[in-house]
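Spelled out, the chains give:
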Amino acid sequence: MSRQDYCTAGRLLCVVDCTGSMEKFKQMLTGFLREAPYKIRKALDEHGRRVEQLEIQLAIFRDFFEEKDEEAFKMSRVYNLYTEREEFEEEVNKMDWYGGGDDPESSLQALYLAMKKSPKLETTAIKKRYIVFLFTDNPSHSFEEIFNRGGVECFPEYPVNELPKDLDTFYNEYHGNEQTSIFTHIGVELKNVRLNIFAPENAYPFDTNNIGSWANVVKICVTENGRLEDVSENTLLAAIVASC
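Scope of this entry: the structure provided in the associated data block. Chains are numbered independently. Their residues run from 1 in the order of the written sequence. pLDDT decides what is reported in this predicted model: residues at 70 or higher carry local features, side-chain atom pairs at 80 or more are listed and counted, and totals for whole chains, interfaces and linings draw on all residues regardless. For side-chain calculations, the full set of non-hydrogen atoms in the structure is used, while hydrogens and water are omitted.

1. Observations concerning the overall build of the protein chain
When its secondary structure is counted, the protein chain shows six helices and seven strands. This radius of gyration counts C-alpha atoms alone. The globule rule is 2.2 Å times how many residues there are, raised to the power 0.38. Rg of the C-alpha trace for the protein chain: 17 Å, near the compact-globule value of 18 Å for 244 residues, within the 12% margin. Along the three orthogonal principal directions, the C-alpha set of the protein chain runs to about 55 × 40 × 30 Å. Only protein chains enter the accessibility calculation, which uses a 1.4 Å probe; a residue whose area is less than 20% of its type maximum is buried, one above 50% is exposed, and one in between is partly exposed. For the protein chain, with 244 residues in total, the buried portion stands at 53%. Contacts are assigned to residue pairs that have any heavy atoms within 4.5 Å of one another. Considering only residue pairs separated by 6 or more positions, the protein chain has 77% of its internal contacts joining residues 24 or more positions apart. Residue-level accessible areas treat just the shown protein chains as cover; the underlying method is Shrake-Rupley with a 1.4 Å probe. Of the accessible surface of the protein chain, which amounts to about 11,300 Å², a share of 43% is contributed by carbon and sulfur atoms. Positive residues here are Lys and Arg, negative ones are Asp and Glu, while His and the chain termini are left out of the count. Each charge is placed at NZ for Lys, CZ for Arg, CG for Asp and CD for Glu. Measuring between centres, the 28 positive side-chain charges of the protein chain sit 8 Å from its 42 negative side-chain charges. A run of H or I in DSSP becomes a helix once it reaches four residues, and a run of E becomes a strand once it reaches two; helices and strands are each numbered from the N terminus.

2. Some points on the environment of Phe-65
Here Phe-65 shows up in the loop between strand E2 (51-61) and strand E3 (73-75). Taking relative accessible area as the criterion, Phe-65 reaches 8% and is therefore assigned buried. Put simply, Phe-65 and Leu-81 are 16 residues apart on the chain and 33 Å apart in space, counted from C-alpha to C-alpha.

3. Here we look at the pattern of salt bridges
Note on definitions: salt bridges are taken to be side-chain nitrogens of Lys or Arg within 4 Å of carboxyl oxygens of Asp or Glu. Taken as a whole and assessed by the stated rule, the structure comprises nine salt bridges. Note that Glu-84 is salt-bridged to Arg-77, the shortest N-O span being 3.1 Å.

4. Focus: the side chain of Ser-118
Positionally, Ser-118 belongs in the loop between helix H3 (107-117) and strand E5 (127-135). For Ser-118, a relative accessible area of 0% gives the class buried. Between N or O atoms, a polar contact is any pair within 3.5 Å; within protein, one atom must be a potential hydrogen donor and the other a potential acceptor, and residues adjacent in sequence are included only when both atoms are from side chains. Polar side-chain contacts of Ser-118 include one of 3.3 Å to the side chain of Tyr-130. Filtering out sequence-adjacent residues up to four positions away, Ser-118 remains in contact with Arg-11, Gln-57, Met-75, Tyr-130, His-185 and Ile-186.

5. Describing the layout of surface pockets
Here a cavity denotes a set of grid points, spaced 1 Å apart and computed over the protein atoms alone, in which a 1.4 Å probe fits but from which it cannot get out, and a pocket denotes an open set meeting protein on both sides within 12 Å along at least five of seven lines; residues with an atom within 4 Å of a point are reported as lining. Grid points are joined across faces, edges and corners, and a volume is the space filled by probe spheres set on the points. Space inside the largest pocket adds up to approximately 170 Å³. Lining the largest pocket are 13 residues; nearest its centre among them are Ile-60, Glu-70, Lys-74, Lys-94 and Met-95. Of all the elements in the fold, those that place two or more residues in the lining of the largest pocket are E2 and E3. Charged residues are taken to be Asp, Glu, Lys and Arg, nonpolar residues to be Ala, Val, Leu, Ile, Met, Phe, Trp, Tyr, Cys and Pro, and polar residues to be all remaining types, Gly included. Residues belonging to the lining of the largest pocket are distributed by class as follows: five nonpolar, one polar and seven charged.

6. A word on the packing of aromatic side chains
Centre distance and the angle of the planes are the two values used to describe a pair of aromatic rings. Centre distance within 6.5 Å is the pairing criterion for rings of Phe, Tyr and Trp, where only the six-membered ring of Trp is used; planes under 30 degrees apart are then read as stacked, over 60 as edge-to-face, and the remainder as tilted. A complete count under the given rule lists 17 aromatic pairs for this structure. Centre to centre, the rings of Tyr-130 and Phe-183 are 6.1 Å apart; their planes meet at 65°, and the pair counts as edge-to-face. Residue Tyr-130 is located in strand E5, and its partner Phe-183 is located in the loop between helix H5 (167-174) and strand E6 (193-200); the two are separated by 53 residues in the primary sequence. Each member of the pair, Tyr-130 together with Phe-183, is buried. Note on Phe-133 and Phe-198: the rings are 5.8 Å apart at their centroids and 35° apart in plane angle, and the pair reads as tilted. A residue pair is termed long-range when its members are at least 10 positions apart, and Phe-133 in strand E5 and Phe-198 in strand E6 qualify at 65 residues. Taken individually, Phe-133 and Phe-198 each receive the classification buried, so the pair is uniform in this respect. Three or more aromatic residues joined by ring pairs make a cluster, and in this case those are Tyr-112, Tyr-130, Phe-143, Phe-170, Tyr-171, Tyr-174, Phe-183 and Trp-214.

7. Brief notes about helix H2 (residues 85-93)
Residues of H2 that are buried: Phe-88, Glu-91 and Val-92. Along the long axis of H2, the arc covered by the buried residues comes to 100°, so they all point the same way. In this structure, H2 carries Glu-86 and Glu-90 as exposed residues pointing more than 90 degrees from its buried face. Residues of H2 that are buried in the fold lie against helix H1 (26-46), E2 and strand E4 (79-80). An arc is given here, and it is the one of the directions from the helix axis to the C-beta atoms.

8. Points about the state of the cysteines
The disulfide definition used here is simple: a pair of cysteine sulfur atoms within 2.5 Å. Considering all chains together, one arrives at zero disulfides under this definition. Cys-18 carries a free sulfur, and the closest cysteine sulfur to it, the one in Cys-14, is 11 Å from it. Classification of Cys-18 by relative accessible area gives buried; the value is 0%.

Quick look at the structure:
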């Protein structure tokens, strides 16, 4: 396998549905994340990928209409996957699955917030990769759902002012130019982004009529209300290697 003759800096952002129905996914995902510093580096090396700076960040979410504050959405700080292994493992150990119980969930809102709040990728590397994983086993609420339920008067903790008004607005930010892109503050362009969505085949808005057809999106179909049986460590590693 020939090696790259240039350096890459990357960040892996994992946006994880931590409602109760996803608990069976917990063992595989947390096991993978704990061993991520070793397994990802080994896989990259085996495929000749020179990723000299690799960061990782977690965003966990539940139903914004059922939970509030950090129970609804929480982001970790950014960890250097090569030098902060123990610190990142401690972060993974804090993950817990509960709540939900009905669908849809707030995966769309969490995906947007996670990308919006992720800090700048500080690097001098020639090549950059911003790799996003979204894991959910249910469709999502729409951005407009808050208004169908009475607005912030009924849900005062709902972050309506931090979210776009609809999916078209999100699309425009996702595909925007340097001034309007959701990725500008991270220091990457859309060409540097790889969005991997693990969700049921027809789950809104991740179907092929919506986000599933956006640029640089890979959709991996899973069973609704299932245990993401088709998602394995090899699936994740292959996606990371392909993204780099």
